[in-house]
Amino acid sequence: MANLLEIKDAQRQIGDSFALCNVNLAVAPGEIVGFVGANGAGKTTTIRAALGLMKLDAGEVHLFGEPFGPNAPDSTQRHVRSRIGVVFDTCPYPAEFTIAQMERCLAPAFPTWDKAQFWRLAERFSLSRKAKVKDLSRGMGMKLQLACALSHNAKLLVLDEATAGLDPMAREELLDELLAFVADGQRSVLLSSHITSDLDRAADRVICIDNGAIIFDLPREDITDRAGIAHCTQA
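All figures in this text were calculated on a predicted structure; none of them were measured in a lab.

Participant: So, the sheet that holds strand E8 (residues 188-192): which residues are in play, and what are the values?
Facilitator: Read across the sheet, 6 strands follow the order E6-E7-E8-E3-E9-E10 without closing on themselves; strand pairing throughout is mixed. Unpaired on one side and paired on the other, strand E6 (84-87) and strand E10 (213-219) mark the two borders of the sheet. With direction set aside, neighbouring strand axes in the sheet form an average angle of 15 degrees.

Quick look at the structure:
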């Protein structure tokens, strides 16, 4: 089966001091791929390129085997984005909305939205219908994003530092959800994180980026056996 996400030779100049330099990254079905690097190394920039939120100077992005980017036809963008679930490090939803209002707002955006699934997950995550986004803790905001991401039959989850700042129990719950998500071998996760214990528990492969360039792309066991997962910067 083709990779769900593939970035080939991505280049992007941002100001005078930073650029993506021939970034290559792939996520195959059934994988959880850890994406690591220091703050400012290029993780979020790469993710923005993958999601079609930023135009590349050179290189290609393919999602589900299709070329993708900001200039893709609207129909392609809607179709591809309906198959991706995204969880950010901070909850992006309007602060004054209740969870019930969020569900009604998001449902029309996804042709495969499953209202019953959303409310099953909300109940499991102890998310009250009447709770406002602004009143959610960081962990509960992450759970709300995850419930949304898992309620429209997404094939690829992208998490950008979503576990940072969570308490250990919330992180364990999130990782359990990710492992269950890929268990059928058809779906995948790209997990950007600097928490090495999360990657050690869940990741199949780990890709490290530093100063806009990929430093290594290795099975997680190879990294922990050789040097410890934390040693991921270029000598």
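Participant: Before we move on, could you go through helix H1 (residues 43-50) and cite the residues and values that matter?
Facilitator: When you tally the buried positions in H1, you get 6 out of 8 residues, the bulk of the element. Buried within H1 are the following residues: Lys43, Thr45, Thr46, Ile47, Ala49 and Ala50. Positive phi shows up at Gly52, right after H1, with a value of about 75 degrees.

Participant: Break down the nonpolar core for me, with residues and values.
Facilitator: The biggest cluster of nonpolar side chains holds 46 residues, and the ones touching the most others in it are Phe118, Leu144, Leu157, Leu159, Leu178 and Val189. In terms of residue count, the dominant contributor to this core is helix H5 (residues 138-149) (7 residues). Ignoring any residue separated from it by four or fewer positions in sequence, one finds Val189 in contact with Val27, Glu31, Ile32, Val33, Leu156, Leu157, Leu159, Leu178, Phe181 and Val182. Within the second largest apolar cluster, 30 residues are counted, among which are Phe18, Ala41, Phe68 and Ile209.

Participant: A description of unusual backbone geometry should follow, citing residues and the corresponding values.
Facilitator: One can expect most non-glycine residues to show negative phi and most peptide bonds to be in trans. The phi dihedral of Ser126 falls on the positive side, at around 60 degrees, and the residue is not glycine. Here Ser126 lies in the loop between helix H4 (115-124) and H5.

Participant: Explain the pattern of salt bridges to me, using residue names and the numbers behind them.
Facilitator: Under the counting rule described, the total for this entry stands at 12 salt bridges. Close ionic contact of Glu161 with Lys43 constitutes a salt bridge, the shortest N to O distance being 3.5 Å. Taken together, the positions of Glu161 in the loop between strand E7 (156-160) and helix H6 (168-181) and Lys43 in helix H1 put the pair 118 residues apart, joining distant regions of the chain. Here Glu161 matches Lys43 in class, with each residue buried. Residues participating in the shared-partner salt-bridge network are Glu31, Arg205 and Asp217.

Participant: Explain the packing of aromatic side chains residue by residue, including any values.
Facilitator: Per the counting criterion, the structure on display carries 3 aromatic pairs. For the pair Phe110 and Trp113, a centre-to-centre distance of 6.0 Å together with 25 degrees between the ring planes defines the contact as stacked. The buried category is assigned to Phe110, whose relative accessible area is 17%. Here Trp113 falls in the buried class, since its relative accessible area comes to 13%. Residues Phe118 and Trp119 carry aromatic rings whose centres are separated by 4.9 Å and whose planes lie at 85 degrees to one another, so their mutual orientation is edge-to-face. Trp119 shares its class with Phe118; the two are buried. Taken together, the ring pairs in this structure connect Phe110, Trp113, Phe118 and Trp119 into an aromatic cluster. Stacked on the ring of Trp119, the Lys or Arg Arg129 has its end atom at 3.9 Å from the ring centre. When the ring centre of Phe181 is taken as origin, the NZ or CZ atom of Arg187, which lies over that ring, is 4.4 Å away.

What counts, and where the lines are drawn
Residues numbered from 1 in each chain as written. Predicted model: local features only at pLDDT ≥ 70, side-chain atom pairs only at ≥ 80, totals over all residues. Heavy atoms only, no water. Pairing = 2+ DSSP bridges. Helix = DSSP H or I, 4+ residues; strand = E, 2+ residues; numbered from the N terminus. Axes fitted to C-alpha atoms, helices over the stretch in contact; angles between N-to-C directions. Buried < 20%, exposed > 50% of the residue type's maximum accessible area, 1.4 Å probe, protein only. Core = buried A, V, L, I, M, F, W, Y, C linked by side-chain atoms within 4.5 Å. Contact = heavy atoms within 4.5 Å. Salt bridge = Lys/Arg side-chain N within 4 Å of Asp/Glu carboxyl O. Phe/Tyr/Trp six-rings, centres within 6.5 Å; stacked < 30°, edge-to-face > 60°. Lys NZ or Arg CZ within 6 Å of the ring centre and 35° of its normal.

The values are spatial; any link to function lies outside them.
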